[in-house]
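Chain residues, written in single-letter form:
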There are 2 protein chains.
Amino acid sequence: MEFKLFYEEYFPFWNKLTKQDKEYLCENSSVAYFEKEQAVHDNTGCSGLFIVKSGRLRLYMISEEGKEITLYRLSPGDICMLSASCVLQSISFDVYVDAEVPSECYVINGLAFKKVSERVLEVKNYALEIALGRFSDVMWIMQQIVFMSMDKRVAIFLLDEITENKTDVVTLTHEQIARHLGTAREVVTRMLKHFSADGIVEVSRKGIKIIDKKKLQDIAY
Amino acid sequence: MEFKLFYEEYFPFWNKLTKQDKEYLCENSSVAYFEKEQAVHDNTGCSGLFIVKSGRLRLYMISEEGKEITLYRLSPGDICMLSASCVLQSISFDVYVDAEVPSECYVINGLAFKKVSERVLEVKNYALEIALGRFSDVMWIMQQIVFMSMDKRVAIFLLDEITENKTDVVTLTHEQIARHLGTAREVVTRMLKHFSADGIVEVSRKGIKIIDKKKLQDIAY
């Protein structure tokens, strides 16, 4: 019942489904809880669709040497489609998903969703639209990597963090920031020293406090 | 008549269209010829869909400073969907397309295709699938940029070039290769000097001749 009420509101295609398909999707749904940093999807098969109820998921790529880069984050109300690779035949790359903070998700079994998407074109369409929308996020990351200097990228990252968390302190370690940006810890540390010398941030054991947001924005945009 | 015969074979959705929609798409089709390096789509609005008949198109991003990076190429039989931004509402990034060699294309007006895609879900589905398929190409480029050293990237680029052109000589300048890879000319020149010293390539005014493909593959993969 919980799922049915939620899906009615959530999925634009819901009223195109037969009663049977609605029931089928609900029967193949579950609730999952993830601890901070717990793996949600590790690219082994079709984990399913995750709708974030609370918390935040992070989608990233990983190299053979274990180097990471964050592609985007999913907040409450967002749906993770790339973890349901069986639904999207045209996607052929590997992504990993984990929980950045304790998170609760509704999970729909990937194969069940696939079956319905093959019967109802509107469902297929929805899945494709969602996945394609994320293409734009990834292109923005790519533009940053290729075209922007590291000071701009660190500035954008810090601004995104404080906006997302509604605070002026970023509590991530330099190592964690480096992993988000796909670079080395030393590079982040050096950049933060510059920002600190310019009176933009204050680096302490508690984290990175943004003290001149205006200057940081000037660097970022 | 020319378009109708071609589209019947080309588009998997063709038999789902009404006679009127078929005619409408054909009436809104044209043939276009592009010189080498001529712009096909410069991101001002919805240029339309380009189906490559002969030649080769290149899709790339460009920074405010004019720095470029090649995302992928389109060969005969391929269709360019990202140049029809009006069809794909979920795409919000800017791409440029030009002809790498003299090219002939069938062009379908973007707004006409959009109208049909709104009437016939199979058409919308087709457009989304094609665009999403390119997401994988872009992710591959991104993985190269983030995770691979420049020697690997230059090696992969040279191997792709000789495979694509069925020759063992790459006639691009160092500057052009640098633009494809989103790096500086000096970086490419330095890398080719290394490859040359290792007996992998021979650099002359005629171009870059691959003399040890095996070694190049060892670097690339």
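No experiment lies behind these values; they were computed from the predicted model shown.

Caption draft 1: The arrangement of the overall build of chain A in detail. On a plain count of helices and strands, chain A comes out with eight helices and nine strands. With respect to the three principal axes, the spread of C-alpha positions in chain A is 65 × 30 × 30 Å. Nonlocal contacts in chain A, meaning residues at least 24 apart in sequence, comprise 67% of its contacts between residues at least 6 apart.

Caption draft 2: Fine view of the environment of B:V138. Here B:V138 shows up in helix α4 (residues 121-147). In this structure B:V138 comes out as buried when scored by C-beta crowding, with 21 C-beta atoms within 10 Å. The sequence separation of B:V138 and B:L57 amounts to 81 residues, and the corresponding C-alpha distance is 15 Å. Apart from the residues within four sequence positions on either side, B:V138 is in contact with A:V138 and B:L71.

Caption draft 3: Local environment of the packing of helix α2 (residues 19-27) of chain B against helix α3 (residues 110-119) of chain B. Residue and element names in this part refer to chain B. Relative to each other, α2 and α3 sit at 160°, their axes nearing to 9 Å. Accordingly, the angle class assigned to the pair α2 and α3 is roughly antiparallel. As α2 packs across α3, the resulting crossing turns out to be left-handed. Mapping the contact onto sequence places D21, Y24 and L25 in α2 and A112, V116 and R119 in α3. Here the contact of α2 with α3 is composed, by residue class, of four nonpolar, no polar and two charged.

Caption draft 4: Just the nonpolar core, in detail. Core analysis: the largest hydrophobic core is formed by 80 residues, its most contacted members being A:C80 and B:C80. Residues in contact with A:C80, not counting those within four places in the same chain, are A:L49, A:F50, A:L57, A:L59, A:L74 and A:V97. Listed in part, the 17 residues of the second largest apolar core include A:L192, A:F195, A:I210 and A:L216.

Caption draft 5: Fine view of the confidence of the model for chain A. In this model, chain A carries an average pLDDT of 90, and 100% of its residues clear a pLDDT of 70 or more. The ipTM, which scores confidence in the relative placement of chains, is 0.78 for this predicted complex, and the corresponding pTM is 0.79.

Caption draft 6: Examining the packing of helix α4 (residues 121-147) of chain A against α4(B) more closely. In the contact formed by α4(A) and α4(B), the axes pass within 9 Å of each other and the chain directions differ by 30°. Taken as axis vectors, α4(A) and α4(B) run roughly parallel relative to one another. Considering the relative orientation of α4(A) and α4(B), their crossing is left-handed. For the contact of α4(A) with α4(B), the residue count by class is 18 nonpolar, two polar and six charged.

Caption draft 7: Here's a closer look at the sheet that holds strand β9 (residues 207-210) of chain A. The sheet built from three strands is open, its strands ordered β7-β9-β8 (chain A) with antiparallel pairing. Across the chains shown, the open sheet's two edge strands, defined by having one partner strand only, are β7 (169-170) and β8 (201-204) of chain A.

Caption draft 8: View of unusual backbone geometry. Positioned with a positive phi, A:E37 is a non-glycine residue whose angle comes to about 70°. Looking at the secondary structure, you find A:E37 in the loop between β1 (29-34) and β2 (39-41).

Caption draft 9: Summary view of the relation of the copies chain B and chain A. Relative to chain A, chain B is turned by 180° and slid 0.0 Å along the rotation axis, the superposed coordinates differing by an RMSD of 0.1 Å. The two molecules are tied by a two-fold rotation axis, judged by turn and shift. The share of interface residues of chain B whose copies in chain A are also at the interface is 100%, consistent with both copies meeting through the same surface.

Caption draft 10: View of the interface of chain B and chain A. Of the residues lining the interface, 29 residues belong to chain B; the matching set on chain A comes to 29 residues. Of all the elements, α4(B) adds the most residues to the side of chain B that touches chain A, at 19 residues. Taken together, the residues that form the side of chain B that touches chain A break down as 17 nonpolar, eight polar and four charged.

Caption draft 11: Region of the structure containing the domain arrangement of chain A. In terms of domain boundaries, chain A breaks down into domain 1 (2-142) and domain 2 (148-220). For domain 1 of chain A and domain 2 of chain A, the distance between their C-alpha centres works out to 30 Å.

Caption draft 12: Fine view of the sheet that holds strand β7 (residues 169-170) of chain B. All names here are of chain B. Pairing is antiparallel in the open sheet, where three strands are placed in the order β7-β9-β8. Strands with a single pairing partner mark the edges of an open sheet, and in this sheet they are β7 and β8 (201-204). Where β7 lies against strand β9 (residues 207-210), two bridges are found, and the strand directions are antiparallel. Bridge pairing in β9 links V170 to I208. Taken strand by strand, helix α7 (residues 185-197) contacts β8 and β9, and its axis lies near 125° from that of β8.

Caption draft 13: View of α7(B). Residues and elements named next belong to chain B. Between its first and last C-alpha atoms α7 spans 18 Å; for 13 residues at 1.5 Å apiece the expected length is 18 Å, and the two agree. What α7 keeps buried is the set V188, M191, L192 and F195. All buried residues of α7 fall inside an arc of 100° around its axis, so they share one side. Along α7, the residues that are exposed and aim more than 90 degrees away from the buried face are E186, K193 and A197. Within two residues after α7, G199 carries a phi angle of roughly 70°, on the positive side.

Caption draft 14: Seen up close, the environment of A:K53. Residues and elements named next belong to chain A. Within the secondary structure, K53 sits in strand β3 (residues 49-62). Spatially, the C-alpha atom of K53 lies 8.1 Å from that of S75, the residues being 22 residues apart in sequence. Ignoring any residue separated from it by four or fewer positions in sequence, one finds K53 in contact with P76, E104, C105 and Y106.

Rules of the game
Residues numbered from 1 in each chain as written. Chains lettered and ligands numbered in written order. Predicted model: local features only at pLDDT ≥ 70, side-chain atom pairs only at ≥ 80, totals over all residues. Helix = DSSP H or I, 4+ residues; strand = E, 2+ residues; numbered from the N terminus. Contact = placed C-beta atoms within 7 Å. Buried ≥ 20, exposed ≤ 12 C-beta atoms within 10 Å, placed from the backbone. Axes fitted to C-alpha atoms, helices over the stretch in contact; angles between N-to-C directions. Parallel < 35°, antiparallel > 145°, perpendicular 65-115°, else oblique. Left-handed = near helix turned anticlockwise from the far one by under 90°. Nonpolar A, V, L, I, M, F, W, Y, C, P; charged D, E, K, R; others polar. Core = buried A, V, L, I, M, F, W, Y, C linked by C-beta atoms within 7 Å. pLDDT = per-residue confidence, 0-100. Pairing = 2+ DSSP bridges. Least-squares fit on C-alpha atoms with pLDDT ≥ 70 in both. Domains from an automatic or database assignment. Expected span 1.5 Å × (residues − 1). Arc of directions from axis to C-beta.

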